[in-house]
Amino acid sequence: MEKECDRPYHCPYGGILFRKVSIIGLVIFSSFLLAAIFSSFLSPCDPWDRFEPYLPPGQDHILGTNDLGQDILSELIYGSRVSLIVGFGAALMATTIGSSIGLLAGYFKGMADEILMGITDIFLMIPQIPLIIVLAAFLRPSFWLIALLMGSLWWTSTARVVRSKALQIREMGYVQSKRSLGFSHLHIIVSDVLPNLSQLVMPKFLLSIASAMIAESSISFLGLGDPSMKSWGMMINFAFSRGGFINGYWWWYMAPGLCITIFVLSIVLIGSFLEERDESIMGQQ
Amino acid sequence: MNRHLPSSSYFRPLLCIDEMYVSFDTSLGRVKAAQNICLELHERETLAIVGETGCGKSVIASAILQLLPSNASVKGKAIFLGRDLLSLGEREMADIRGQEIAIIFQNPSLSLNPIMKVAEQVAEPLQIHRRLPRHRAISKAEDMLSRFKLGDKASPVMYPFQLSGGMNQRVMIATSMILSPKILIADEPSKGLDQSLARQVMKELAGIKDEIGASLLLITHDLLLAKEVSDRIAVMYCGEIVEAGSSAEIFDEPLHPYTKALLNCLPEMGFKPIPGSSPSMIDPPEGCRFYPRCRERLDRCLLSPKMIKVESDDGDREVRCWLY
Amino acid sequence: MLALLAGKDLGKIYESGLIFKKQSLLFRDISLEIEEGKTLGLMGPSGTGKTTLGLIMAGLERPTSGHVCHRGKDIEDLKGKELIAFRRQVQMVFQDPQGSLNPRKSIERSIHEVLNLLSIPRREWQERTKDALEKVGLSEELLCRYPGQISGGQCQRVALGRVLLLRPKVMILDEPTSALDISVQAQILNLLKDLQRDMGLGYLLISHQPEVIGFMAHEKMILKDGISYSK
């Protein structure tokens, strides 16, 4: 039933792509995504195949090889899978849990709020990285476990932010007037509260992808990752533990380090752009 | 208030805005926010620019101080003490802002630093612009605060959140006045304040303004406030000044049909509405901007009327209408 | 005559804290009646709970004591059809005009939502939307704009038009014009008067401006220090 609107100001979402910086972010982000999906087509060789070790970047191996003679470029491309799955999985889980709890607490207030926020406070008190380390050390380390753990621990800040925004939105005229018009709570939550939370949740989601990826790298770097899987963090870990740093094989640890940095940066770019765009829609007049 | 003084043209003009045009380039088109603005602010007088939301009144103040966003373009002149403010560089402008021309912002609670004591905030301009030592600046600031009835022992050492909105507004005004500027610009000072409180603050402001001999440019949508504190009023509609004259005359004998209609909307006149709504500033009506809503329109009104001087008892009176 | 909407001995106490409860009294023993075609003006200094009283009367918040009756029946006991009737016949219009429409929905969507709620067949939507806009003096041009792109007065008109789709009998107007320019205020107040005359609406008008109350209200009430004074 939406009427087609031809004039530009009728479509506030138009013109998103015309911001240069965000385009760069988007391009980087999607190329990493493509690399992760099409690893087997894109990588020049199998990351487990062995060639001559410690080769600096050159013709045969663009980014060189590691101590076992594995091609670094292929490792990077395959490694993006694990890093991205952990990042996305953990962030998706954390954001979903966090926003649902925050939304329910904020919208319904009262008893629901007290209980849900009490739970949040308890989770907030758990020292997260140490817990992940301890659990990862006890259980068989696997990247699924790490993603699951991070997802189930990192929702607290999202819950808090979402709750305060939901509290604010529920008092807004448009929510109150829809209540007085007789709409159901479910309808109001889905059609009025959630869309107005997205400006908050989206950047939060993107940033938690970034921090989950960094955390995965640190955990892998500490040697608690899954040694049978290649991730960017594991690559740095191996480079460190097998003398890549000491002997100056810079291409070994530089490449995964840069990948993490650039990918996180692209996420931050997109995230901050989304925030800005949202402000401009809301402030348009 | 200096309405007892002889006609304002007695004083020489301090700020002279001449044919100023301000427009903004937006994705929706070019917004013609201010068109052909000619205004004179005389020494020691209070000039109010009144108009409804979105008529471009605040744009004038921002344009004078070069505080407009980058998508704005300004044409024309604003001569202040022999210098054209619109052509000055950022450095020279920074010297003028605050020292010569001070602006009082709308929301006092947001414009004050919450973690600085009130007296220190008022003293800050003295330390920066006048390079006064801290203790002297603070004692001067306390003097200034006491003029705004914030002089008791406690208030100067309090933080903004410990004071009420009205008190914060007075702190803001004290901060703007501490350097004895020649011109004060108050942009909607009554917004967000209780009506009675706004009146009170404005009266104090007007009093101090007379004491330090400054001129006040008051920008407001509140007609009654303008009537109470200003010597002259300029009425704006859709980016143009449609009528200017002394406050008493504007209220007693409005000339422009818009001014008449606006006064009829006041509670005292029985809330008689103006038909229609304010036109878009991107695509304003041809000829007189008020033509579509005017009760006294003529065929001639499809041509743009010029600002013409009208005879009056109280000095200059101008109106932009074909009826005169 | 039985009042359309009546509040009896309403009181509101705010509680905060889970274990150590802090109580603060907003108001108590407030009784008021809204009659068909009449306006009850509610005045008082800010922070005295005028809006809260409005929300209670609209059934959007629960009073700590007392009850609200719609056509003689306590709204807490309403069920099924009667509850729906109450929800439709008693409507509230809010202060911040821009805030009373979801900023992410076009005007058209905001109106269509309500038509959908009323289960009006889709083919009548266009007609109904046009009628609703006409009633409040707006043109169809506005439909595909967003609340941020139209003026405060237009937003308030849209909010009014949307509420009128439900054919209410009572409207609770919470400072409907305090955020608007005086010329728009005059327009909206006159529009409200016309609607009252045409549709026999009962208003509870909350305002801090004595002139507005004086212009609109048949009866006045002042809320001060938690109790009401009639005038």
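Residues numbered from 1 in each chain as written. Chains lettered and ligands numbered in written order. Predicted model: local features only at pLDDT ≥ 70, side-chain atom pairs only at ≥ 80, totals over all residues.

Novice: Please provide a residue-by-residue account of the overall build of chain C, values included.
Specialist: If you tally the helices and strands in chain C, you get 7 helices and 10 strands. The C-alpha radius of gyration of chain C comes to 18 Å, within 12% of the 17 Å expected for a compact globule of 231 residues. Among the 231 residues that make up chain C, the fraction classed as buried is 48%. Within chain C, counting contacts between residues at least 6 apart in sequence, those at least 24 apart form 72% of the total. (Helix = DSSP H or I, 4+ residues; strand = E, 2+ residues; numbered from the N terminus. Rg over C-alpha atoms; globule rule 2.2 N^0.38 Å. Buried ≥ 20, exposed ≤ 12 C-beta atoms within 10 Å, placed from the backbone. Contact = placed C-beta atoms within 7 Å.)

Novice: Can you tell me about unusual backbone geometry, naming the residues and giving the values?
Specialist: Of note, the phi angle at Lys109(A) is positive, near 50°, even though the residue is not glycine. When you line up the elements, Lys109(A) lands in the loop between helix 3 (72–108) and helix 4 (110–125). Overall, Lys109(A) belongs to the partly exposed group, with 15 C-beta atoms counted inside 10 Å. Of note, the phi angle at Cys238(B) is positive, near 50°, even though the residue is not glycine. By the secondary structure assignment, Cys238(B) is in the loop between strand 9 (232–237) and strand 10 (240–246). The buried category is assigned to Cys238(B), around which 23 C-beta atoms lie within 10 Å.

Novice: Lay out the sheet that holds strand 10 of chain B with the relevant residues and their values.
Specialist: Residues and elements named next belong to chain B. Taken together, the 8 strands give an open sheet; going across it, the order is 6-7-8-3-9-10-12-11, and neighbouring strands pair in mixed fashion. Strand pairing shows two members of the sheet lacking a second neighbour, strand 6 (101–104) and strand 11 (308–310), which therefore form its edges. Across the sheet, the axes of successive neighbouring strands diverge by a mean angle of 20°, strand direction being ignored. Each of strand 3 (46–50), strand 6, strand 7 (183–187), strand 8 (215–220) and strand 9 touches helix 1 (residues 57–64); the most contacted strand, strand 8, lies at about 140° to it. (Pairing = 2+ DSSP bridges. Axes fitted to C-alpha atoms, helices over the stretch in contact; angles between N-to-C directions.)

Novice: Account for the environment of Ser180(A), with residues named and values stated.
Specialist: By the element assignment, Ser180(A) lies in helix 8 (residues 173–181). Ser180(A) sits in the buried class, given 24 other C-beta atoms within 10 Å. Each residue touching Ser180(A), except ones within four places of it in the same chain, is listed here: Ala58(C), Leu60(C), Gln91(C) and Met92(C).

Novice: Any details on the sheet that holds strand 9 (residues 219–224) of chain C? Residues and values, ideally.
Specialist: Residue and element names in this part refer to chain C. Spatially, 6-7-8-3-9-10 is the arrangement adopted by the 6 strands of the open sheet, whose pairing is mixed. Whereas interior strands pair on both sides, the edge strands pair on one side only; in this sheet they are strand 6 (90–93) and strand 10 (227–230). Strand-to-strand twist of the sheet, defined as the mean angle between neighbouring strand axes without regard to direction, takes the value 20°. Pairing between strand 3 (residues 39–43) and strand 9: 4 bridges, direction parallel. If you follow Gly41 over to strand 9, its bridge partner there is Lys220.

Novice: Tell me what's going on with the environment of Ser164(B), and back it up with residues and numbers.
Specialist: All names here are of chain B. Residue position: Ser164 is located in the loop between helix 5 (134–147) and helix 6 (165–177). Judged by the 13 C-beta atoms lying within 10 Å of it, Ser164 is partly exposed. Sequence separation between Ser164 and Lys309 is 145 residues; the distance between their C-alpha atoms is 45 Å.

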